[in-house]
Amino acid sequence: MTQAEFDLGRKIYFERCAGCHGVLRKGATGKALTPDITVGKGTDYLKVFIAYGSAAGMPNWLTSGEMSEKEVDLMARYIQQDPPTPPEFSMADMKNTWKILVAPKDRPTKKENNYNISNIFSTTLRDSGEVALIDGDTKKIINIVKTGYAVHISRMSASGRYLFVIGRDAKVNMIDLWMAKPDNVAEIRVGLEARSVDTSKYKGYEDKYAIAGSYWPPQYVIMDGDTLEPLKVVGTRGMTVDTQEYHPEPRVAAIVASHYKPEFLVNVKETGKTLLVDYSNVDALKTTEIGSARFLHDGGWDASKRYFFVAANNSNKVVAIDAKEGKLSGIIDVGKIPTRAAARTSCTRPMGRSGPRAIWATTAFR
């Protein structure tokens, strides 16, 4: 491959493939794609597999229109090369991306619009790197806000005033819904690839802190809830819950904030652990580690917001964590590869792609 082809392949892989096969191509929900496996398959075989997908869940990239024949050929050759090791992303790197667009003192002291904030939808416009804020009462677009690439989740602050979104490129945006025209007030990039964000919800700590986890590097960061200033970075590399082997890429998947304690529940995907992170003293974090099943993915609260249900997708299980007691409540064997275990009261409602701008997911604020 030419250097230009390799660079394009790396970009496409990051945007389309890393979420299943891992940044290091060692496999996760999808199979490993390292050269010791792919070279023996050959370019023609790989092109067919990429183009038409498989019943096991591999997308049909060509026939779906997501990739051209040229891109399919490019990717078949790219995954036969040695995978490049992406750089780490430090506190200094985060601070270099951190921007306060509207300082807290300059934000509205009262709501400046007539929108019913409890009935606004944040709709992901995947490829354009935006979210559309839609008025649920009138069905009209309030604003289209610039965000990171392919926003994975939208989360409300405890107060109901701020919307936090995170893109797959690990960019976090903080949107003030009190503004006459809701828009960004702060932003930061916390890594190279990410999936989840939330704010503190426990009484007395409402919105004091925000947290975001990264797929790469495998770590999470606790931030100031008003400005997104990064305060504490914690790595998640470690041993798996089953075979007790070291894993170099245990990605941070779903994160939620407890309503019973000053804790964040942080899912570490490949090691199969949920971390209960006590944020009452950020300078001296206390963490309870709950081992359950590998490949912890997405999840959500039950109606009481005491039990956190998480899909361990490649283990074919759903895990229940008791946030009040701080313990594993149960592991349930389920059907093949559950992807989300959100309770019906959870806000996130995954939807299929629709429309010319590739709308992926809509979140209703309650």
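Our structure's up above, just so we're on the same page.
Fair warning: this is a prediction, and the values are worked out from it, not measured in the lab. (Residues numbered from 1 in each chain as written. Predicted model: local features only at pLDDT ≥ 70, side-chain atom pairs only at ≥ 80, totals over all residues. Heavy atoms only, no water.)

### Focus: the overall build of the protein
Here's step 1: For the protein, the count of helices and strands is five helices and 24 strands.
Here's step 2: For 366 residues, the compact-globule estimate of 2.2 N^0.38 gives 21 Å, and the protein sits close to it at 20 Å.
Here's step 3: Across its three principal axes, the protein shows a C-alpha extent of roughly 60 × 45 × 40 Å.
Here's step 4: The contacts of the protein with a sequence gap of at least 6 include a subset with a gap of at least 24, amounting to 51%. (Helix = DSSP H or I, 4+ residues; strand = E, 2+ residues; numbered from the N terminus. Rg over C-alpha atoms; globule rule 2.2 N^0.38 Å. Contact = heavy atoms within 4.5 Å.)

### Some thoughts on the environment of Trp178
Here's step 1: Checked against the element boundaries, Trp178 lands in the loop between β7 (171-176) and β8 (183-189).
Here's step 2: Overall, Trp178 belongs to the partly exposed group, its relative accessible area being 25%.
Here's step 3: With 67 residues separating them in the primary sequence, Trp178 and Lys111 have C-alpha atoms 4.4 Å apart.
Here's step 4: Every residue in contact with Trp178, bar those within four places of it in the chain, is listed here: Pro108, Thr109, Lys110, Lys111, Glu112, Asn113, Ile117 and Arg161. (Buried < 20%, exposed > 50% of the residue type's maximum accessible area, 1.4 Å probe, protein only.)

### Focus: helix α3 (residues 43-52)
Here's step 1: Where α3 is concerned, the buried positions are Leu46, Ile50 and Ala51. The arc that holds every buried residue of α3, seen down its axis, measures 130°, which confines them to one face. Projecting away from the buried face of α3 at angles above 90 degrees are the exposed residues Asp44 and Tyr52.
Here's step 2: Buried residues in α3 make contact with α2 (35-41) and α4 (69-78).
Here's step 3: One or two steps after α3, the chain reaches Gly53, where phi turns positive at roughly 70°. (Arc of directions from axis to C-beta.)

### Focus: the packing of aromatic side chains
Ring pairs (aromatic) are described by centroid distance and by the angle formed between their planes.
Here's step 1: With the rule as written, the count across this model stands at eight aromatic pairs.
Here's step 2: With a centroid separation of 6.2 Å and 45° between ring planes, the pair formed by Tyr13 and Tyr78 is classed as tilted. Of this pair, Tyr13 sits in helix α1 (residues 3-21) while Tyr78 sits in helix α4, and the two are 65 residues apart along the sequence.
Here's step 3: What makes Tyr78 buried here is its relative accessible area of 2%.
Here's step 4: Between Tyr45 and Phe49, the aromatic rings sit 6.3 Å apart at their centres with planes inclined by 5°, giving stacked as the arrangement. Residue Tyr45 and its partner Phe49 are both found in helix α3; the two are separated by four residues, about one turn of the helix.
Here's step 5: Joined through ring pairs, the aromatic side chains of Tyr202, Tyr205, Tyr209, Phe264 and Tyr279 make up one cluster.
Here's step 6: Here Arg25 stacks its cationic end above the ring of Tyr78, 5.3 Å away from the centre of that ring. (Phe/Tyr/Trp six-rings, centres within 6.5 Å; stacked < 30°, edge-to-face > 60°. Lys NZ or Arg CZ within 6 Å of the ring centre and 35° of its normal.)

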